[in-house]
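Next come the chains, spelled out residue by residue.
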Amino acid sequence: MRIRATVAAVTGALALSAFAAPAAHAAPATPYTMNVSFSNLKIASSIKVGTTSKVSTAYSYTLTHGTDVKATAADFFTDAYLYRGSFADPSATVEGDDFATCKVATSTTLTCTGTIDVYPSDGDLTAADAGKWSLAAEATAFNGQNLSKPDLSKVGFKDQGAMGTTSLLRYSKLTTDAAPEPVKKGKTITVTGTLTRASWDYNKYYGYGAQSVRLQFAKKGSTTWSTLKTVKTDANGKLKTTVTASVDGAFRYVYAGVSTTAAVTSGGDAVDVQ
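Let us look at the structure shown here. As the structure is a computational prediction, the values presented were derived from the model and not from experiment. (Residues numbered from 1 in each chain as written. Predicted model: local features only at pLDDT ≥ 70, side-chain atom pairs only at ≥ 80, totals over all residues. Heavy atoms only, no water.)

Observations concerning unusual backbone geometry
Cis geometry marks the peptide bond from A179 to P180; its omega dihedral reads 0°. Mapping P180 onto the fold places it in the loop between β13 (177–179) and β14 (188–199). Residue P182 is reached from E181 by a cis peptide bond, and omega for that bond is 5°. Tracing the backbone shows P182 in the loop between β13 and β14. Phi is positive for A162, which is not a glycine, with a value near 55°. By secondary structure assignment, the location of A162 is in the loop between β10 (156–160) and β11 (165–170). Relative accessible area serves as the criterion here: at 68%, A162 is assigned to the exposed category. A positive phi angle, near 55°, is found at N203, a position not held by glycine. As for its placement among the helices and strands, N203 is situated in the loop between β14 and β15 (204–207). (Helix = DSSP H or I, 4+ residues; strand = E, 2+ residues; numbered from the N terminus. Buried < 20%, exposed > 50% of the residue type's maximum accessible area, 1.4 Å probe, protein only.)

Here it is in structure tokens:
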């Protein structure tokens, strides 16, 4: 994952001990638990990620702090991030390029906003990362210490997990082609299409097989779409079915998505019935 530089590293347990220089047999210095809490962490319910383009998703939360915390200081840092596994020992995290930006709401609260940033072409994700992630927030106060070599006993830190969930979804694409066009009333129309989804391992789109996709139709001049039937993709993500021509209108395929893959609706393909 793309990790920003690098309060997270400083406040990680292993990094903390690396900065300390304790006497023999003495415990390494660690930050004290800062009088800070987090609430109202909001982010999109899902984040769709393709194969190449950077994806940035906004979040917001409220940071509440004690009067002893200098939350507006230049060396006070806070942000939100995603994690998988246990909060105490996550198997993976996804964070932003930058820390959150905070504004003073009251004498003891800040409203903070930032982004989660994902770079699929840099290998930030693999197929195993698709699905649900948990949300957390953190804050670090260096209190005037040298950021590269602080006295950790004077650094405040607080983090808080289980603040909600979101899903990282593999972006999907869907096409529709209805033929022939024009067609005589009562004749057969063949509707084909292809469902593909992003591979985060190979940075390409591949056909997504064995998926149920709805075929819909809207009469010419109408914005109301009606489902005609459900069609399953073959092993290569291909769709093919037939209908009887009746009136002018457009066909489209609609995929509802699954826990790892985003929903998608194709563009409509119009057919002139004569």
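Observations concerning the sheet that holds strand β7 (residues 101–106)
With antiparallel pairing, four strands are arranged side by side in an open sheet as β2-β4-β8-β7. Pairing within the sheet leaves two strands with one partner each, and these edge strands are β2 (36–43) and β7. The sheet shows a mean angle of 25° between the axes of neighbouring strands, taken without regard to direction. Pairing of β2 with strand β4 (residues 55–65), which is carried by six bridges, proceeds in the antiparallel orientation. (Pairing = 2+ DSSP bridges. Axes fitted to C-alpha atoms, helices over the stretch in contact; angles between N-to-C directions.)

A look at the pairing of β4
Where β4 meets strand β8 (residues 109–118), 10 bridges bridge the pair, whose relative direction is antiparallel. Within the sheet, the bridge partner assigned to L63 lies in β8 and is L110.

A few points about the state of the cysteines
Inspection of the entire model under this criterion finds one disulfide. Across the disulfide from C102 sits C112; the S-S distance is 2.1 Å. Sign of the S-S torsion, about 110° for the bond between C102 and C112, identifies this disulfide as right-handed. Here C102, found in strand β7, pairs with C112, found in strand β8; they are 10 residues apart in sequence, far enough to count as distant. You can call C102 partly exposed: its relative accessible area is 28%. Classification of C112 as buried rests on a relative accessible area of 1%. (Disulfide = S-S within 2.5 Å.)

Focus on the environment of K70
Within the secondary structure layout, K70 lies in the loop between β4 and β5 (76–85). Along the primary structure K70 and N143 are separated by 73 residues, whereas in three dimensions their C-alpha atoms are 7.8 Å apart.

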